[in-house]
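Working through the structure, step by step
Here are the chains, one letter per residue:
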Amino acid sequence: FQNKFKMNARQRASMRLPPEVNRILYVRNLPFKITPEELYDIFGKYGPIRQIRKGTAGHTRGTAFVVYEDIYDAKNAVDHLSGFNVAGRYLIVLYYQPNKMQKKLDTQKERENLEYIKQKYNLNN
């Protein structure tokens, strides 16, 4: 029995993937009360999953990382689940891009450092 969402070997062989495609997906806009089992049900339709990490802290609630065994399954999930409605919320499914995440963190730290210097030397506008 072959899952209708999975790609066959011929489709995979002829497909060239963009550079941002990888096995790790970053999912936003999840309902806060979604269970890990429900996440596995939704994302597992597209292939074997290695791991799901659901955000639980205040600023990470409603997010999750989904790690697939296979890069093509991850691509298929992004293609089919971006905009998918779960409990009245539309999922935002992106490829995890650590360099972009790090840039965002670096920018945040620079802002905090700048604020600290402004306050320390009383340089308010």
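For every chain, the first residue of its written sequence is number 1, and the numbers climb from 1 along that sequence. Two thresholds apply to this predicted model, a pLDDT of at least 70 for residue-level local features and 80 or more for giving and counting side-chain atom pairs, whereas whole-chain, interface and lining totals are computed over all residues. Just so you know, side-chain values use all the structure's heavy atoms and leave hydrogens and water out.

Let's shift gears to unusual backbone geometry. Look at Asn-29: it is not a glycine, yet its phi comes out positive at around 70°. Inspection of the secondary structure assignment puts Asn-29 in the loop between strand E1 (24–28) and helix H2 (36–44). Even without a glycine there, the phi angle at Ala-87 is positive, about 50°. The way it works is that DSSP assigns letters per residue, a run of H or I at least four long becomes a helix, a run of E at least two long becomes a strand, and they are numbered from the N terminus. Within the element layout of this structure, Ala-87 appears in the loop between strand E4 (85–86) and strand E5 (89–90). Whether a residue is buried, partly exposed or exposed follows from its accessible area with a 1.4 Å probe, protein chains only, as a fraction of its type maximum: under 20%, in between, or over 50%, in that order. Take Ala-87: its relative accessible area is 70%, and that puts it in the exposed class.

Pairing of aromatic rings covers Phe, Tyr and Trp, the last counted by its six-membered ring, and requires centre-to-centre distances within 6.5 Å; plane angles under 30 degrees mean stacked, over 60 mean edge-to-face, and any other angle means tilted. Tallied over the entire structure, the rule returns 2 aromatic pairs. A ring pair is formed by Tyr-26 and Phe-65, whose centres lie 5.2 Å apart and whose planes are at 40°; its orientation type is tilted. Note that Tyr-26 is positioned in strand E1 and Phe-65 in strand E3 (residues 64–68), a separation of 39 residues in sequence. Residue class for Tyr-26 comes out buried when judged on its relative accessible area of 18%. Looking at Phe-65, the relative accessible area reads 29%, which means it is partly exposed. Taking the centre distance of 5.2 Å and the plane angle of 85° together, the rings of Phe-65 and Tyr-96 count as edge-to-face. Of this pair, Phe-65 sits in strand E3 while Tyr-96 is found in the loop between strand E6 (92–95) and helix H4 (98–120), placing the two residues 31 residues apart along the sequence. Here a set of aromatic residues connected by ring pairs shows up, and it is made of Tyr-26, Phe-65 and Tyr-96.

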